[in-house]
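# Summary of the model geometry
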Amino acid sequence: MEAVVLREFGAASHLAVQSVPDPHPGPGEVLLRVRACGVCYHDVINRRGSLPRTSVPAILGHEVAGEVIEVGPDVTTWHVGDRAATLQRLSCGACPSCDAGRGSLCKRDNRFFGEELAGGYAAMMVAPIAGIGRVPDDMAWEVAATVCCTAGTAVHVVRTRGRIRRGETVLVTGASGGVGLQTVQLARLDGARVIAVTSSPLKARALYNAGAHEVVVTRDLDFAQQIRRHTGGEGVDVAIEIVGSATFAQTLKAMRPGGRVVVVGNLESGTIDLNPGLVIVKELEILGAYATTQAELETALALTHAGLLTPFVTEVLPLRDAAAAHIRLENREVAGRLVLSPDAI
Ligand SMILES: [Zn+2]
Ligand SMILES: [Zn+2]
């Protein structure tokens, strides 16, 4: 089959289409004919060599949708022709974390698509059934592919981790990416007042369209003062930190006492200087948020299918454009999601 293979870590130019052996499903697995695979900033970080569980040559991509074309020997719940979309990572379904509904903390099986598992920048992909959910018949493939990591992450961040309540004020950094736009939408849907921060004035319109009440455009990432102005000097109840280290200090300054910071992205893989005093006197809660559970994927697919969350697929590109897609993402030229499809020409 054709696949985009990352031959060595580093530049986007190391991504190239080549012919590789066809994969086959083992026990507990299905083979998907890949119809669409989202290009996520996680893939850029992975490509650079920042994720220790990936080894090259690698096939990236964890945002995959496609139809089942072969099932493993013991698989009875999935059949040829079924439509599936992947979670980012697996979980065992039986450990204390999984029993508590927190599959994204499962350590017994934490394999990630595009890292230990071959990903979806390819014509076909093997998927363990613990890592897939069912796609409605009339949902477009490129939408289905991106629901988990955008809308699914938004469900995890806004509802599960952020516990955002009606009437709360929510700050979203890195708001114009795929996760950001869906987070803005869901927070608004759930009754919050949403302030979005973006680095580009060109992206403000998309953020207002997604439901942001206010958009703060800042190239130098110095936004705490503006947030305080927008909140009558009070600060926000909840911050969804999608950028990570580059904005974290400003985000902390923008919090009201008792606020909750949900950290879901760290684009530059950097570290932060944290003044514990600020966390102490404001009694801030700093909460991590990672991946999506099968239940959250189902919720996200249902919200998207019902039209309550609008997908933001910007463009569908052929596999050979994978490197170009990475470069556009790194240059912050993309509002929403780029999707690769083996069917695109
Ligand atoms: Zn993703
Ligand atoms: Zn588990």
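For the structure, see preceding data.
The following refers to the structure shown. (Residues numbered from 1 in each chain as written. Chains lettered and ligands numbered in written order. Predicted model: local features only at pLDDT ≥ 70, side-chain atom pairs only at ≥ 80, totals over all residues. Heavy atoms only, no water.)

Right, let's talk about the environment of E70 for a bit. Among the secondary structure elements, E70 is positioned in strand β4 (residues 63-71). For E70 and A254, which are 184 residues apart along the polypeptide, the C-alpha to C-alpha distance reads 51 Å. Contacts of E70, omitting those with residues within four sequence positions, involve H24, P25, V30, L31 and V80. In terms of polar contacts, E70 uses its side chain to reach the side chain of H24, at 3.5 Å. (Helix = DSSP H or I, 4+ residues; strand = E, 2+ residues; numbered from the N terminus. Contact = heavy atoms within 4.5 Å. Polar contact = N/O pair within 3.5 Å; in protein donor to acceptor, adjacent residues only side chain to side chain.)

Okay, the coordination of the zinc ion (ligand 1) next. Within the protein, the zinc ion (ligand 1) binds to C40 (SG), H62 (NE2), E63 (OE) and C149 (SG); these donor distances fall in the range 2.0 to 2.3 Å. Metal-centred angles of 96 to 126 degrees between the four donor atoms at the zinc ion (ligand 1) mark the site as tetrahedral. All donors of the zinc ion (ligand 1) come from a single chain, and their spacing in sequence reads C-x21-H-E-x85-C. Here E63 lies in strand β4 and C40 lies in the loop between β3 (29-39) and α1 (41-48), a separation of 23 residues in the sequence. The class for E63 is buried, based on a relative accessible area of 1%. (Donors = N, O, S within 2.8 Å, 3.2 Å for Na, K, Ca; no water. Tetrahedral: all angles 85-135°; square planar, octahedral: opposite > 155°, others 65-115°. Buried < 20%, exposed > 50% of the residue type's maximum accessible area, 1.4 Å probe, protein only.)

Another aspect to go through is the coordination of the zinc ion (ligand 2). Working reference: metal with six octahedral donors, ideal angles 90 or 180 degrees; metal with four tetrahedral donors, ideal angle 109.5 degrees. Of the protein atoms, only C92 (SG), C95 (SG), C98 (SG) and C106 (SG) coordinate the zinc ion (ligand 2), at distances of 2.3 Å. Taken together, the four donor atoms coordinating the zinc ion (ligand 2) and their angles of 105 to 116 degrees define a geometry best described as tetrahedral. Counting the intervening residues between successive donors of the zinc ion (ligand 2) yields the motif C-x2-C-x2-C-x7-C. In this pair, the class of C95 matches that of C98, namely buried.

On to the packing of helix α3 (residues 141-161) against helix α4 (residues 178-189), then. Across the interface, α3 lies against α4 with an axial gap of 8 Å and an inter-helix angle of 50 degrees. By the angle between their axes, α3 is oblique relative to α4. Crossing of α3 over α4 shows right-handed handedness. Where α3 approaches α4, its residues C149, T150, A151, T153, A154, V155, V158 and R159 are matched on the opposing element by G178, V179, Q182, T183, L186, A187 and L189. Split by residue class, the contact of α3 with α4 holds nine nonpolar, five polar and one charged. (Axes fitted to C-alpha atoms, helices over the stretch in contact; angles between N-to-C directions. Parallel < 35°, antiparallel > 145°, perpendicular 65-115°, else oblique. Left-handed = near helix turned anticlockwise from the far one by under 90°. Nonpolar A, V, L, I, M, F, W, Y, C, P; charged D, E, K, R; others polar.)

With 46 residues, the main nonpolar core has V147, V172, V184, L207 and I240 as its most contacted residues. Secondary-structure elements contributing two or more residues to this core are α3, β8 (169-172), α4, β9 (193-198), α5 (204-210), β11 (236-241) and α9 (294-305). Residue contributions to this core peak at 11 residues, all from α3. Residue contacts for V147: discarding those within four places in its chain leaves M139, G152, L297, A300, L301 and T304. (Core = buried A, V, L, I, M, F, W, Y, C linked by side-chain atoms within 4.5 Å.)

Two side chains bearing opposite charge may form a pair once their charged atoms approach each other closely. A complete count under the given rule lists 19 salt bridges for this structure. For E285, the salt bridge goes to R163, with nearest N and O atoms at 3.3 Å. Of the two residues, E285 sits in strand β13 (residues 285-288) while R163 sits in the loop between α3 and β8, which places them 122 residues apart along the sequence. For D237, the salt bridge goes to R256, with nearest N and O atoms at 3.6 Å. (Salt bridge = Lys/Arg side-chain N within 4 Å of Asp/Glu carboxyl O.)

Where nonpolar side chains cluster on the molecular surface, the patch consists of I272, L274 and I286 and spans about 230 Å² of accessible area. Looking at the element boundaries, I272 is found in the loop between β12 (255-263) and α8 (276-282). (Patch = residues over 30% accessible without salt bridge, like charges linked within 9 Å, V, L, I, M, F, W, Y side chains within 5 Å. Areas by Shrake-Rupley, 256 points an atom, 1.4 Å probe, with all protein chains shown as cover.)

A few words on empty space enclosed by the protein. Where empty space is left can be seen by rolling a probe of water-molecule size over the atoms. Per the stated rule, a full pass over the model turns up one cavity of 30 Å³ or more. Volume-wise, the largest cavity comes out at about 50 Å³. Lining the largest cavity are T146, V147, T150, A151, G178, Q182, T304, P311, F312 and R337. At the level of elements, α3 and α4 are the ones that each hand at least two residues to the lining of the largest cavity. For the lining of the largest cavity, the leading source of residues is α3, giving four residues. Residues of the lining of the largest cavity, tallied by class, amount to four nonpolar, five polar and one charged. (1 Å grid on protein atoms, 1.4 Å probe; cavity = no way out; pocket = protein on both sides within 12 Å on 5 of 7 lines; lining within 4 Å. Points joined across faces, edges and corners; volume = space filled by probe spheres on them.)

Our next topic: the side chain of E115. As for its placement among the helices and strands, E115 is situated in the loop between α2 (96-99) and β6 (124-128). In this structure the side chain of E115 is engaged in a polar contact, spanning 2.7 Å, whose partner is the side chain of H42. Aside from chain neighbours lying at most four places away, what touches E115 is H42, N46, L51, R53 and T54.

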